[in-house]
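One letter stands for each residue in the lines below.
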Amino acid sequence: MTLALQHLGDAAARVASRSALLQISGTVSEVTPTAYRVSGLSRFVKLGDCVALQPGGRRHGEVVRVDRNGATIKPYDSTAEVGLGAAIYLAEPVALAPDASWKGRVINALGEPVDGGGPLRPGPDLYAADGEPPPALSRGRVKKSLKSGVRLIDIFTPICAGQRIGIFAGSGVGKSTLLGMLAGCKGFDTVVIALVGERGREVREFMEESLGANRALAVTVVATGDESSMMRQMAPRTATTIAEYFRDQGHSVLLMIDSVTRFAHAARDVALAAGEPAVARGYAPSVFTSLPKLLERAGPGVEGKGSITGIFSVLVDGDDHNDPIADAIRGTLDGHIVLDRAIADAGRYPAINVLASISRLAHQVWSPEERNLVNRLRSMISRFEETRDLRLMGGFQQGADAELDQAVALVPIIYDAMIQSPHTSTSTDAFRELAEALGKGR
């Protein structure tokens, strides 16, 4: 009898896949504050499938666990609309049809407009929310340099088109301000931004102040901090999918995700709801699988196509730059910019610690002369910082060490020359501007 029912269910599933008149459904058997269980769907769903509360209705949640007794659903909104015995229907998976007309629009993690500008015009092709990066041997090389307009970055950690770089910082150190300065970077055809877990008031500020002239080129994906973990986990994937569409059209795309840490927090919530064990500071194993899968989608496209330059902010918990998430992200990216609270406390913004920051593709940008100059500047700054306590105690004597004398004379001038804010003019030639500052300071 059981075997006959299984055959009947398989036959019904095949008919349902070909007919809009027959829908596969199950019933809610358990409801918790963050997820619910559905009986009767186990044999017809797989991880990542979507479900709805009405036949053919709006997606309500995603399957995060399947076992013999039922499926666990993590909702996009809340479980408040779901009660015991409610019917849950299998729905279409999340897919996007981006179009050039999406520029200048603000959408949510499911690709729905939230800016009051009317419906989005769909493009001709569907893109899966969990796309695959181009094959490694088919990807183009990263060679073309970019001017960020931020002097410290253009000198010490230059960025190339197609590079992926992270901004690592604790809370309140100027991470979002620096991202706003970089959002106005010229040289891109399209800008795609994911604001993940941000305060609601910051969305308009970022759109109206930080983007500036690039606003007409930008597609912004928003999942604020009060939205569900599913929406916060989906937002970076949606933004990356849109960036992939424009990359395939041959565009040079700037993709900014603020922040990847909140994406990891959301992925942890989903993984724990699915029953995964916590292995590292509460993070489940799948979190460390999903991070490189997301980050690898940025970068150069197939040879001859466009590229995605990725700038990812990383919120460092408790100013611990070696926490598991920061460490995993740092090992995946092509460079990292570290913001230091002590530098911010001294009033020097952007608060970039040039000794802890690195661009793995800087050799593609620097000339031999510039490389030698940057190495000398780093050496001077290192000498200046490591002797700070000695100098404060009065142990420094002019003339005893020529290299230290030079560092004491020049490093304060370098620090002053590197100070920038969103309200000051952007840099056009960072090395020339530094040379002019050093010439005036002597």
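Residues numbered from 1 in each chain as written. Predicted model: local features only at pLDDT ≥ 70, side-chain atom pairs only at ≥ 80, totals over all residues. Heavy atoms only, no water.

**Q** Give me the lowdown on the overall build of the protein, citing residues and values where you can.
**A** What the protein contains, in helices and strands, is 13 helices and 19 strands. The principal-axis extents of the C-alpha atoms in the protein amount to approximately 95 × 45 × 40 Å. A buried classification covers 51% of the 442 residues belonging to the protein. The long-range fraction of contacts in the protein, counting pairs at least 24 apart against all pairs at least 6 apart in sequence, stands at 71%. When the accessible area of the protein is evaluated, it comes to approximately 20,300 Å², of which 52% is carbon and sulfur surface. Charge-centre separation for the protein: the mean point of 48 positive side chains lies 3 Å from the mean point of 50 negative side chains. (Helix = DSSP H or I, 4+ residues; strand = E, 2+ residues; numbered from the N terminus. Buried < 20%, exposed > 50% of the residue type's maximum accessible area, 1.4 Å probe, protein only. Contact = heavy atoms within 4.5 Å. Areas by Shrake-Rupley, 256 points an atom, 1.4 Å probe, with all protein chains shown as cover. Lys, Arg positive; Asp, Glu negative; His and termini not counted. Charge placed at Lys NZ, Arg CZ, Asp CG, Glu CD.)

**Q** Got a sec to walk through the side chain of glutamate 433? Specific residues and values, please.
**A** Along the chain, glutamate 433 turns up in helix α13 (residues 430-441). What makes glutamate 433 buried here is its relative accessible area of 18%. In this structure glutamate 433 touches Arg151, Ser427 and Thr428, once residues within four positions along its chain are discounted.

**Q** Let's hear about the sheet that holds strand β1 (residues 25-31): which residues, and what values?
**A** As a general point, the strands of a sheet are linked pairwise by backbone hydrogen bonds and lie either parallel or antiparallel. Spatially, six strands are ordered β1-β2-β5-β4-β3-β6 in a closed barrel, and the strand pairing comes out antiparallel. Strand-to-strand twist of the sheet, defined as the mean angle between neighbouring strand axes without regard to direction, takes the value 45°. The pairing of strand β4 (residues 59-67) with strand β5 (residues 70-75) spans six bridges and is classified as antiparallel. Bridge pairing in β5 links glycine 61 to proline 75. (Pairing = 2+ DSSP bridges. Axes fitted to C-alpha atoms, helices over the stretch in contact; angles between N-to-C directions.)

**Q** How would you explain helix α8 (residues 324-332) if you had to name every residue and give the values?
**A** Taken residue by residue, α8 has Pro324, Ile325, Ala326, Ile329, Arg330 and Thr332 as its buried positions. By the N-cap criterion, in which a side-chain oxygen at the helix start approaches the backbone nitrogen of a residue two or three places on, α8 is capped by aspartate 323, the distance to isoleucine 325 being 3.0 Å. (Polar contact = N/O pair within 3.5 Å; in protein donor to acceptor, adjacent residues only side chain to side chain.)

**Q** Which residues make up the environment of alanine 267, and what values go with them?
**A** For alanine 267, the position within the fold is in helix α6 (residues 260-273). A C-alpha to C-alpha distance of 41 Å links alanine 267 and aspartate 416, two positions 149 residues apart in sequence. Apart from residues lying up to four places away in sequence, alanine 267 is in contact with Gln233, Val287 and Ser290.

**Q** Account for the packing of aromatic side chains, naming residues and giving values.
**A** If you walk through the whole model with that rule in mind, you get four aromatic pairs. Measuring from centroid to centroid gives 5.9 Å for tyrosine 127 and tyrosine 245, while their planes differ by 90°, and the two rings are edge-to-face. Taken together, the positions of tyrosine 127 in strand β9 (residues 127-128) and tyrosine 245 in helix α5 (residues 229-248) put the pair 118 residues apart, joining distant regions of the chain. Here tyrosine 127 and tyrosine 245 have matching classes, each one buried. Judged by centre distance (4.9 Å) and plane angle (70°), the ring pair of tyrosine 245 and phenylalanine 246 falls under edge-to-face. (Phe/Tyr/Trp six-rings, centres within 6.5 Å; stacked < 30°, edge-to-face > 60°.)

**Q** If you had to explain the pairing of strand β12 (residues 164-169) to someone new, which residues and values would you point to?
**A** Counting buried positions over the six residues of β12 gives six, a clear majority of the element. Along β12, one buried face is formed by Arg164, Gly166 and Phe168 and the opposite face, lined by Ile165, Ile167 and Ala169, is buried too. In the sheet, β12 pairs with strand β17 (residues 307-315) via six bridges, with the strands oriented parallel. Its bridge partner being in β17, isoleucine 167 is matched across the sheet by serine 313. The pairing of β12 with strand β18 (residues 335-338) spans three bridges and is parallel. Its bridge partner lying in β18, isoleucine 167 is registered against isoleucine 337.

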